[in-house]
Amino acid sequence: MVGAIHSLQQASLPIVGTPDFFPVHRIYCVGRNYAAHAVEMGHNPDREAPFFFQKNPDNLVSDGGEFLYPALSNDVQHEIELVVALQSGGFEIATDAALDHVFGYAVGLDMTRRDLQGEMKRQGRPWEIGKAFEGSAPCSAITPASSIGHPQDGVISLQRNGALCQSGDLAQMIWKVPEIISELSRYFLLVPGDLIFTGTPAGVGPVLSGDTLDGVIDGVGSLSVTVV
Ligand code: MN
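Residues numbered from 1 in each chain as written. Predicted model: local features only at pLDDT ≥ 70, side-chain atom pairs only at ≥ 80, totals over all residues. Heavy atoms only, no water.

Along the backbone of the protein there are 5 helices and 18 strands. Against the 2.2 N^0.38 benchmark of 17 Å for 228 residues, the protein shows a C-alpha radius of gyration of 17 Å, consistent with a compact globule. Classification of the 228 residues of the protein by burial places 49% in the buried group. If you take every contact in the protein between residues at least 6 apart in sequence, the share linking residues at least 24 apart comes to 75%. Per element, the accessible surface of the protein, about 10,500 Å² overall, is 53% carbon and sulfur. Averaged over its 13 positive side-chain charges, the protein has a centre that lies 8 Å from the centre of its 26 negative ones. (Helix = DSSP H or I, 4+ residues; strand = E, 2+ residues; numbered from the N terminus. Rg over C-alpha atoms; globule rule 2.2 N^0.38 Å. Buried < 20%, exposed > 50% of the residue type's maximum accessible area, 1.4 Å probe, protein only. Contact = heavy atoms within 4.5 Å. Areas by Shrake-Rupley, 256 points an atom, 1.4 Å probe, with all protein chains shown as cover. Lys, Arg positive; Asp, Glu negative; His and termini not counted. Charge placed at Lys NZ, Arg CZ, Asp CG, Glu CD.)

Here is the structure:
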């Protein structure tokens with residue numbers, strides 16, 4: 001589409017094994033979905049209702065790309081996460097029907113300006129400046145569920161400069177993918193193209209310019225980005 005003043009580029013991700021691209025609508029994220037990460041952030045590891053925040057589709061960075069260290073932060077941190085890509089949606093999706101809406105899965109990084117997020121938490125203000133900035137959503141190509149099914153366990157890990165820094169297992173997710181989709185759809189109309197970052201295991205920490213970040217989720221894929 002050509003606009004009168006300018007035209008917008010549709011955010012998209014490659015699809016593994018095809019020449020096609022997956023057009024991205026919204027990016028939802030789940031907070032505190034692994035008990036060990038909740039504890040390291042100073043919170044209760046008990047199963048509380050999941051909570052959500054959003055990033056912007058144009059915050060995506062492709063696999064192999066560069067993450068530009070953002071302004072106004074001295075504590076930018078990595079959070080490796082399983083990403084769910086929806087091929088359909090709706091309101092009030094039942095848990096037992098939720099996986100029917102999943103197109104596939106990817107490996108994502110919920111990059112966070114932790115100092116700004118912490119300040120917003122203290123002030124009871126929204127998290128946008130800590131979470132939804134330029135480049136804050138590196139994400140791998142999407143692997144279709146038609147080829148890998150719906151992974152419920154498997155190692156999720158991140159190496160920073162070749163050293164293991166985050167490691168967990170998808171089985172440790174407090175809220176499982178069908179439950180996340182069902183709960184999220186009570187608040188938002190989910191549609192094809194929505195992505196959901198499903199929370200990070202323990203081991204979050206700061207990045208510095210020059211770092212390489214290499215994430216892997218068994219059976220799903222891998223993601224590499226360089227911090228510049
Ligand atoms: Mn996160």
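Okay, the packing of aromatic side chains next. Under the counting rule described, the total for this entry stands at 6 aromatic pairs. Ring centres 5.6 Å apart and planes at 90 degrees place the aromatic pair Phe 51 and Trp 127 in the edge-to-face group. With Phe 51 in strand E4 (residues 51-55) and Trp 127 in the loop between helix H2 (114-123) and helix H3 (128-131), this residue pair connects regions lying 76 residues apart in the sequence. Ring pairs connect the aromatic residues Phe 51, Phe 53 and Trp 127, which therefore count as one cluster. Over the face of the ring belonging to Trp 175 we find Arg 47, whose NZ or CZ atom lies 3.7 Å from the ring centre. (Phe/Tyr/Trp six-rings, centres within 6.5 Å; stacked < 30°, edge-to-face > 60°. Lys NZ or Arg CZ within 6 Å of the ring centre and 35° of its normal.)

This next bit is on the coordination of the manganese ion. At 2.0 to 2.1 Å from the manganese ion lie its protein donor atoms, namely Glu 79 (OE), Glu 81 (OE) and Asp 110 (OD). Within one chain, the residues serving as donors to the manganese ion are arranged as E-x1-E-x28-D. Of this pair, Glu 81 sits in strand E8 (residues 80-86) while Asp 110 sits in the loop between strand E9 (102-109) and strand E10 (112-113); the two residues are 29 residues apart in sequence, bridging distant segments of the chain. Side by side, Glu 81 and Asp 110 carry an identical accessibility label, which is buried. (Donors = N, O, S within 2.8 Å, 3.2 Å for Na, K, Ca; no water.)

Before going further, it helps to spend a moment on the sheet that holds strand E16 (residues 205-206). Spatially, E10-E7-E16 is the arrangement adopted by the 3 strands of the open sheet, whose pairing is antiparallel. Unpaired on one side and paired on the other, E10 and E16 mark the two borders of the sheet. Summarising the sheet, strand E7 (residues 76-78) and E10 pair through 2 bridges and their orientation is antiparallel. When the bridges of E10 are listed, Gln 77 appears paired with Thr 112. (Pairing = 2+ DSSP bridges.)

Mapping Leu 99 onto the fold places it in the loop between E8 and E9. Distance from Leu 99 to Glu 179, taken between C-alpha atoms, is 9.6 Å for residues 80 residues apart in sequence. Every residue in contact with Leu 99, bar those within four places of it in the chain, is listed here: Tyr 105, His 150, Val 177 and Pro 178.

Moving on: the nonpolar core. For soluble globular proteins, nonpolar side chains are generally found buried alongside one another. Among the nonpolar cores identified, the biggest contains 39 residues, and Ile 181 and Ile 196 are the most heavily contacted of them. Setting aside residues no more than four positions away along its own chain, Ile 196 makes contact with Tyr 28, Val 30, Leu 82, Val 83, Val 84, Leu 86, Ile 180, Ile 181 and Leu 184. Judged by nonpolar contacts, the second largest core, of 18 residues, contains Phe 22, Ala 85, Ala 137 and Phe 197. (Core = buried A, V, L, I, M, F, W, Y, C linked by side-chain atoms within 4.5 Å.)

So, on to the sheet that holds strand E17 (residues 212-217). On the basis of which strands lie adjacent, the open sheet formed by 5 strands has the order E6-E18-E17-E13-E14 and mixed pairing. Both edges of this open sheet fall to strand E6 (66-67) and strand E14 (163-169), since each of them pairs with a single strand only. In this structure, strand E13 (residues 155-160) lies alongside E14, joined through 6 bridges in antiparallel fashion. Each residue of the ladder has a partner; that of Leu 158, found in E14, is Gln 166.

With that settled, consider unusual backbone geometry. Its identity as a non-glycine residue notwithstanding, Arg 32 has a phi of 45 degrees, on the positive side. Relative to the helices and strands, Arg 32 is located in the loop between strand E3 (27-31) and helix H1 (35-40). The class for Arg 32 is partly exposed, based on a relative accessible area of 25%.

This part covers the pattern of salt bridges. One pass over the full model with this rule turns up 8 salt bridges. Between Arg 186 and Glu 183 there is a salt bridge, with its nearest N and O atoms 3.1 Å apart. Of this pair, Arg 186 and Glu 183 both sit in helix H5 (residues 177-187), 3 residues apart, which is roughly one turn of that helix. Arg 186 gets classed as exposed once you look at its relative accessible area, which sits at 52%. The network of salt bridges with shared partners includes Lys 55, Glu 79, Asp 110, Arg 114 and Lys 131. (Salt bridge = Lys/Arg side-chain N within 4 Å of Asp/Glu carboxyl O.)

Distances and angles like these do not, on their own, reveal function.
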